[in-house]
Structure formats: C-alpha cells, structure tokens
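# Structure at a glance
Here is what each chain is made of, one letter per residue.
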Amino acid sequence: MPRISTKGHDMPESPIRKLVPYSEAAKQKGHKVYHLNIGQPDIKTPEVALEAIRNVDMEVLEYSHSAGFESYRKKLAAYYTSHGLPIATQDIIITTGGSEALLFAMGTTMDQGDEIIIPEPFYANYNGFSTASGVKVVPVISGIETGFALPPIADFEKLITPKTKAILICNPGNPTGYLYSKEEMQQLAELVKKHDLFLIADEVYREFVYDGGVHHSVMNLEGLEQHAIMIDSVSKRYSMCGARIGCIVSKNKEVMTTAMKFAQARLSPPTFAQIASEAALDTPKSYFDEVSAEYLERRNILVAELSKIEGVTVANPKGAFYCIARLPVSNADDFAQWLLESFDHKGETVMVAPAAGFYSTPGAGRDEIRMAYVLKKEDLVRSVEILKEALSVYNSK
C-alpha cells in the first residue's frame, strides 16, 4: 500500500476539533452539549454584509484579482487608516481567511528547516501551518501566573539561531486573551531589528479589548516597516467565520511581491465572501460597542464563576474571547473526553478544548483547558455549574 508523507504523518490534529466525534455521540444519547471549545461567536453577522450577498446581480461568477478586489482593498486601507494604522492599498493582499495569510507569511519568509519563535500557549494551528511549511516552531513559554504576559526578552535571545527567521505573536491572544502592552511590543521591535528578523502579528481580535486597554499594532511600530507583517481576518470582527476572508499586510515591498506569487498560485480569494466582507466595512460603530460590551459581561461572568471552584486557577483575559483555566486534574485531554463520553448533569455536559494542544513543549498545559466565552451569559453560568459537578465526580473515581 502506498505510504502517506512524513509531513502528513507529522501534521498535528486539532485540539479544538478532535473531540467532535465524542460530542456527536453525546448528542445522539440525547445530551445537550455546551460548546466552549471553539471560537465560533453566536453574535449576529452585520445585516449590511448579508444584504450585500442577497442583492448580488451578476451573470458570471468570475475570478477576482489575485490580491482581491481593488475596491475592497481600497476600502480596507481606509478602514485601517481611520483606526490609526498607516496602511495603503498596495500593502494588502486579500486571502482565504487568516489561515492562508499565515501560510503566505511563512512561505514568503522561511525556507525548509528554518525556525520561528512563538510565545506559548499559542493558536493550535500555528503548529499545523509550520508543519505544512517545513518550518520548526521554537516555543518560548509564558505562564498562567503572569496572565500569559510576554516572556522576558532574554528568553527569546537564548533561542535565536542562524535558522531563526521570525517571531510570531497573536495580539490579543488566542488562547490566552492576553493583550500586549506598548512596552512589550517595543521590546519585540528592538529584538527583531537587532537580529534582522520578521515580526508576524496575528491581530484578528484587535476590536475586542477590555478594561480600558489599548491595542498596539505591529504596523504602528516606528522603524519596523521592513520587519512587520500583519495578519487579519473578518471572521471574528464581524462574526463571519464562514466567509473565509482575511489578509496579509506589510510595507515591505519584497514581502508583498513574494506573497503575491503564492496568491497567484491559488488564483483568487472567493468572490461572494469578498462582496460580503467589503460591505461589512460599512458596519456602524454601535455594532462593535454592543459586541464588546457583551463579551466583557461574558468574560466577567465566566472568570467569576470559574474562580469559585476549588482548585481552579483562571487567567483574566484582557482581549479576544478566550480564557485558559488550570484544573485540579492530571490530564485535561482525558477529562475533556470523559465529559462527553461518560458524564452528564441533568442530561447536559460541556465541550472544552484541552490546552496541551496549544503548546509545542511536551507535557506543557496538560492540566489546562481553553474556554471560549461565545455563548449567552446564562449558558456560561450553567456550563461552569456542570464543570464543577464534573470535577467532583471525576476526582472521586
């Protein structure tokens, strides 16, 4: 029988989706499952985006430009400029989700066997993108004790080798919800300039910042124009995960020229999704005010309820809509599967994402889970109630 590739064998399984069969089996038994495992918002997509799709009038569904519709890129550049980011139309290539933008960024900046340093825990698919690109992830660990703040720059310095080509951050963070300070961003800027590296910033949660915090974009770091690459997406901003539209942004002309080769190889991003995404830029500010206020309330409820459970430690996120909780269990993977396979409380259970899959350091995060507060407030309260009962039963086995 033919063998699959080594790369395919090494491709990691999603910690977010690998428990889906157990969730489906639980539902077949008649159990209600509260999904805290995935960042799929229940917030309504802006009506202006949906209306644009309903009103499409075309006779041929054509390719777009490989960089995406020029009208969309112009409008997107104006949007960024209005938010204080000095981004021009030519600095943007539209991609099929932020995922493709990350693949373009890695393909553009790194060769087989090169290294990328990433503070962990990090978005699990960074491991997959790196494997697909033949790139080695070098983790620098952050901890729940500091709320997953940026590790000391000295920790980064120790990991830099001739193979190191970039540092990748997610700001605000998935899965931690951590928001990097201006000082932390400046430290990273000085580091990449010193070692002539790229700084790739995944900023798809930019609009979701709490407690008076301020998001500091990689595109606003002075003197970093040739080093900075920004990744963005409409998925979370407009609750349009299924649109699969994102972008790669940089002022480095060689980076953008090279990324365009990858864009041309996949021909073009999807037409209907670009129409919806372009229209979404007309979403009123009130939409974001309401959504942010809702997520803030949900965060406060989830963190408060989790903090009441004996033995649970939770970091208070400053952005995005995720939190990491440390549980009084030795193996969160086993616990998460058990929740779906063998436990229910009054016919209901919870699906969470074991956090070990958000690390690349072996053994790290084994007693942690990621929870997405994308459900309505009463469902979050009920979910934590179920989790508390489950921990009591699980630990008495």
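This write-up is about the structure you can find in this document.

Thresholds, definitions, all that
- Residues numbered from 1 in each chain as written.
- Predicted model: local features only at pLDDT ≥ 70, side-chain atom pairs only at ≥ 80, totals over all residues.
- Heavy atoms only, no water.
- Helix = DSSP H or I, 4+ residues; strand = E, 2+ residues; numbered from the N terminus.
- Buried < 20%, exposed > 50% of the residue type's maximum accessible area, 1.4 Å probe, protein only.
- Axes fitted to C-alpha atoms, helices over the stretch in contact; angles between N-to-C directions.
- Parallel < 35°, antiparallel > 145°, perpendicular 65-115°, else oblique.
- Left-handed = near helix turned anticlockwise from the far one by under 90°.
- Contact = heavy atoms within 4.5 Å.
- Nonpolar A, V, L, I, M, F, W, Y, C, P; charged D, E, K, R; others polar.
- Disulfide = S-S within 2.5 Å.
- Core = buried A, V, L, I, M, F, W, Y, C linked by side-chain atoms within 4.5 Å.
- Pairing = 2+ DSSP bridges.
- Phe/Tyr/Trp six-rings, centres within 6.5 Å; stacked < 30°, edge-to-face > 60°.
- Patch = residues over 30% accessible without salt bridge, like charges linked within 9 Å, V, L, I, M, F, W, Y side chains within 5 Å.
- Areas by Shrake-Rupley, 256 points an atom, 1.4 Å probe, with all protein chains shown as cover.
- Salt bridge = Lys/Arg side-chain N within 4 Å of Asp/Glu carboxyl O.

For the bond from Glu120 to Pro121, the omega torsion is 5 degrees, close enough to zero to count as cis. Position of Pro121 relative to the elements: it lies in the loop between strand S3 (115-120) and helix H6 (125-133). With an omega of 25 degrees, the peptide bond running from Asn174 to Pro175 counts as cis. Here Pro175 shows up in the loop between strand S5 (164-170) and helix H8 (182-195). Positive phi is not limited to glycine here, since Asp196 has a value of about 55 degrees. Tracing the backbone shows Asp196 in the loop between H8 and strand S6 (198-202). The class for Asp196 is exposed, based on a relative accessible area of 63%. Even without glycine at this site, Ser239 takes up a positive phi of about 55 degrees. Inspection of the secondary structure assignment puts Ser239 in the loop between strand S7 (228-233) and strand S8 (246-249).

Let us now look at the packing of helix H5 (residues 97-109) against H6. Closest axis-to-axis distance for the H5/H6 pair is 10 Å, and the angle between their directions is 45 degrees. In terms of orientation, H5 lies oblique with respect to H6. By crossing handedness, the relation of H5 to H6 is classed as right-handed. Contact residues: H5 offers Ser99, Leu102, Leu103 and Met106, while H6 offers Tyr126, Phe129, Ser130, Ala132 and Ser133. Taken together, the residues of the contact of H5 with H6 break down into six nonpolar, three polar and no charged.

Another point: the state of the cysteines. Tallying each qualifying case throughout the model produces zero disulfides. Here Cys170 is not disulfide-linked; the sulfur of Cys241 is the nearest cysteine sulfur, at 14 Å. Among the residues examined, Cys170 registers a relative accessible area of 9% and is labelled buried. Here Cys323 stays unpaired: no disulfide links it, and the sulfur of Cys170, its closest cysteine neighbor, is 15 Å away.

This part is about the nonpolar core. Among the nonpolar cores identified, the biggest contains 136 residues, and Tyr80, Ile116, Ile167, Ile200, Val218, Leu306 and Phe335 are the most heavily contacted of them. Sequence-distant contacts of Ile116, that is, excluding residues within four places in its chain, are made with Met106, Met110, Ser130, Val135, Lys136, Val137, Val138, Ala166, Leu168 and Ile200.

Here we come to the sheet that holds strand S9 (residues 313-314). Strand order in this open sheet of four strands is S9-S10-S13-S12, and the pairing throughout is antiparallel. Each edge of the open sheet is held by one strand with a lone partner, namely S9 and strand S12 (353-354). With two bridges joining them, S12 and strand S13 (residues 368-372) adopt antiparallel strand pairing. Within S13, the residue paired with Pro354 across the bridge is Ile369.

Time to look at the pairing of S13. S13 sits mainly inside the fold: five of its five residues count as buried. Direction of pairing for strand S10 (residues 322-326) relative to S13: antiparallel, over a ladder of five bridges. Looking at S13, one finds that Tyr322 is bridged to Ala372.

Relative to the helices and strands, Val192 is located in helix H8. The exposure class assigned to Val192 is buried, which follows from its relative accessible area of 0%. Put simply, Val192 and Ile167 are 25 residues apart on the chain and 7.8 Å apart in space, counted from C-alpha to C-alpha.

The next point concerns helix H10 (residues 271-280). When you tally the buried positions in H10, you get nine out of 10 residues, the bulk of the element. If you check which residues of H10 are buried, you get Thr271, Ala273, Gln274, Ile275, Ala276, Ser277, Glu278, Ala279 and Ala280. Where the residues of H10 are buried, they touch helix H3 (47-54), helix H4 (70-82) and strand S2 (92-95).

This brings us to the packing of aromatic side chains. Under the criterion given, the structure shown has 18 aromatic pairs. Centroid distance Tyr295 to Phe321: 4.9 Å. Interplanar angle 35 degrees. Geometry classified as tilted. Of the two residues, Tyr295 sits in helix H11 (residues 285-307) while Phe321 sits in the loop between S9 and S10, which places them 26 residues apart along the sequence.

With that settled, consider the sheet that holds strand S4 (residues 136-141). Pairing is mixed across the open sheet formed by seven strands, whose spatial order is S2-S8-S7-S6-S5-S3-S4. Of all the strands in the sheet, the pair left with one neighbour each is S2 and S4. Pairs of neighbouring strands in the sheet enclose a mean axial angle of 25 degrees, with direction left out of account. With four bridges connecting them, S2 and S8 associate as antiparallel partners. From the neighbouring strand, Ile93 faces S8, where its bridge partner is Ile248. Set on the sheet, H8 makes contact with S5 and S6; between it and S5 the angle comes to about 170 degrees.

For the rest of this paragraph, the subject is a nonpolar patch on the surface. Residues Ile53, Met58, Leu61 and Phe272 make up a contiguous nonpolar surface patch of about 330 Å² in total accessible area. Looking at the element boundaries, Leu61 is found in the loop between H3 and H4. Look at Leu61 and you get exposed, because its relative accessible area is 54%.

Scanning the model with the defined rule gives 28 salt bridges in all. Between Glu145 and Arg326 there is a salt bridge, with the nearest N and O atoms lying 3.2 Å from each other. Placement of the pair is Glu145 in the loop between S4 and helix H7 (153-157) and Arg326 in strand S10, with a sequence separation of 181 residues. We note a salt bridge from Arg206 to Asp232, for which the minimum N-O separation is 3.3 Å. Taken together, the positions of Arg206 in the loop between S6 and S7 and Asp232 in strand S7 put the pair 26 residues apart, joining distant regions of the chain. Asp232 matches Arg206 in its accessibility class, with the two residues each being buried. Through salt bridges with shared partners, a single network forms among Asp42, Glu294, Glu297, Arg298 and Lys377.

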